[in-house]
Amino acid sequence: AAKEAGKDTYALYNPQSETKDGDRILLENDLRKSLERNELQLFYQPQVSLFPTRRIGAEALLRWNRGHAQWISPADFIPLAEETGLILPIGEWVIRTACEQGKRWIDAGYEPFIMAVNLSPRQFRQQNLVELVRDILRDTGYPPEYLELEITEGMTLDVESASEKMRQLRELGVQISIDDFGTGYSSLNYLKRLPISRLKVDRSFVRDIESDLGDRDIVKAIISMAHNLKITVIAEGVENEEQLSFLQENDCDEVQGYFFGRPVPADEFERGMDIQNVPRGGE
Ligand code: C2E
Ligand code: MG
Ligand code: MG
Ligand code: MG
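Residues numbered from 1 in each chain as written. Chains lettered and ligands numbered in written order. Predicted model: local features only at pLDDT ≥ 70, side-chain atom pairs only at ≥ 80, totals over all residues. Heavy atoms only, no water.

S.K.: Give me the packing of helix α6 (residues 129–140) against helix α7 (residues 159–172): which residues, what numbers.
M.R.: Close contact between α6 and α7 brings their axes to 10 Å; oriented N to C, the two are set at 15 degrees. Put simply, α6 runs roughly parallel to α7. The element α6 and its partner α7 pack so that their crossing is right-handed. Across the interface between the two elements, L129, V130, V133 and R134 of α6 pack against K165, Q168, L169 and L172 of α7. Classifying every residue of the contact of α6 with α7 by side-chain character gives five nonpolar, one polar and two charged. (Axes fitted to C-alpha atoms, helices over the stretch in contact; angles between N-to-C directions. Helix = DSSP H or I, 4+ residues; strand = E, 2+ residues; numbered from the N terminus. Parallel < 35°, antiparallel > 145°, perpendicular 65-115°, else oblique. Left-handed = near helix turned anticlockwise from the far one by under 90°. Contact = heavy atoms within 4.5 Å. Nonpolar A, V, L, I, M, F, W, Y, C, P; charged D, E, K, R; others polar.)

Here's what the structure looks like:
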């Protein structure tokens, strides 16, 4: 037994794993407290239609200010939140906060626009997701047709249960889109069995679109097949004029990316709306 214990002790003293586990536990503890400490914030990034060029939506993107002006990227804490289940309360906060903000903008007289919110796999599988979304819509008064839930291809692998859940969400009036499209395993063929309104072309296909013939062909194929299925296509990660022209020439419906605006806090996003879209309230 002593030998066994010794072995375990040795394993614990591996400096590399100790640091990693320690960091992880600290991060998890802090993440657990992030909600009550008001450290979470949503940033909003514009989504723009191409025909004509007009701001038609916003994607809400989560940011965590872990004290001491230390901003943590969602890529670095969403996986941990997902593993620990913390994504459920955090995800609920995200949907609620996005709807509250959207309602404030409508009440201020801005033209309503799509508010897109990311769902994680665990949230999508959550038993009471439909009730939760229904309650949030009721509590906030946000119009359901302007809420869009973004899911990824991996969450639709079980087509039967995914399409049933999506159907229930559509019954509430909300929209559903497929995020990061093209990176997963789904075929366009089975998309027609899912009640989807938008496909978001992953930005890895957009990045080298000026030079990479393969990416150009993939993007063209996604656009034309999506259109055959009456699904709108939005391209992610548009950073320059050349990418934009290619997408425009190939009938992509909408774009999102740094070229039109980075994700910014609500007040800054609102200043952008004032320029494009004069509030109706003030006349
Ligand atoms: P996503 O849903 O695909 O979001 C788009 C990501 O691309 C965002 O990164 C955005 O800032 C970034 N992006 C937008 N335009 C450009 C561009 O032109 N160039 C480049 N290089 N990047 C661009 P972000 O905010 O760091 O989020 C990363 C991922 O974290 C998201 O990818 C999403 O999967 C996840 N995430 C963010 N917020 C939430 C949330 O509230 N809940 C859940 N479950 N996941 C979230
Ligand atoms: Mg997204
Ligand atoms: Mg994406
Ligand atoms: Mg992503």
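S.K.: Report on the coordination of the magnesium ion (ligand 2), specifying residues and quantitative values.
M.R.: Around the magnesium ion (ligand 2), the protein supplies E59 (OE), N118 (OD1), E150 (OE) and D179 (OD) as donor atoms, at distances of 2.0 to 2.2 Å. Linear spacing of the donor residues for the magnesium ion (ligand 2) on their chain is E-x58-N-x31-E-x28-D. The metal-metal distance between the magnesium ion (ligand 2) and the magnesium ion (ligand 3) is 4.1 Å, with D179 serving as a donor to both. Of this pair, E150 sits in strand β5 (residues 147–152) while D179 sits in strand β6 (residues 175–181), placing them 29 residues apart in sequence. (Donors = N, O, S within 2.8 Å, 3.2 Å for Na, K, Ca; no water.)

S.K.: I'd love a proper account of unusual backbone geometry, names of residues and values included.
M.R.: Of note, the amide linkage connecting F51 to P52 takes the cis form, showing an omega dihedral of 0 degrees. Position of P52 relative to the elements: it lies in the loop between β1 (40–50) and β2 (53–65). Even without being glycine, N38 reaches a positive phi, approximately 55 degrees. On the secondary structure map, N38 appears in the loop between α2 (15–34) and β1. Judged by its relative accessible area of 66%, N38 is exposed. (Buried < 20%, exposed > 50% of the residue type's maximum accessible area, 1.4 Å probe, protein only.)

S.K.: Describe empty space enclosed by the protein, with residues and values.
M.R.: Counted according to the given criterion, the structure contains one cavity of 30 Å³ or more. If you add up the space inside the largest cavity, you get close to 40 Å³. For the largest cavity, the full set of lining residues is G102, W105, I106, Y110, E111, P112, F113, M115 and Y142. Broken down by element, the lining of the largest cavity gets its largest block of residues, three residues, from helix α4 (residues 87–107). (1 Å grid on protein atoms, 1.4 Å probe; cavity = no way out; pocket = protein on both sides within 12 Å on 5 of 7 lines; lining within 4 Å. Points joined across faces, edges and corners; volume = space filled by probe spheres on them.)

S.K.: Summarise the pattern of salt bridges; cite the residues concerned and give the values.
M.R.: For the structure shown, the criterion picks out 18 salt bridges. Across the salt bridge formed by E59 and K200, the nearest N and O atoms sit 2.9 Å from each other. Note that E59 is positioned in strand β2 and K200 in strand β7 (residues 198–201), a separation of 141 residues in sequence. For E59, a relative accessible area of 4% corresponds to the buried category. In this structure K200 comes out as buried when scored by relative accessible area, which is 0%. Across the pair R198 and E148 runs a salt bridge, and its minimum N-O distance is 2.9 Å. Of this pair, R198 sits in strand β7 while E148 sits in strand β5; the two residues are 50 residues apart in sequence, bridging distant segments of the chain. (Salt bridge = Lys/Arg side-chain N within 4 Å of Asp/Glu carboxyl O.)

S.K.: Tell me about the confidence of the model for the protein, residues and numbers included.
M.R.: Close reading of the predicted structure is inappropriate where its pLDDT is low. This prediction gives the protein a mean pLDDT of 89; 89% of its residues lie at or above 70. Low pLDDT, under 50, characterises residues 1–15; the stretch is placed with three contacts to residues that sit more than four places away or in other chains. Counting contacts from residues 278–283, a segment whose pLDDT is below 50, to residues more than four positions away or on other chains yields eleven contacts. Taken over the whole predicted complex, pTM reads 0.91, whereas the ipTM for its chain interfaces reads 0.98. (pLDDT = per-residue confidence, 0-100.)

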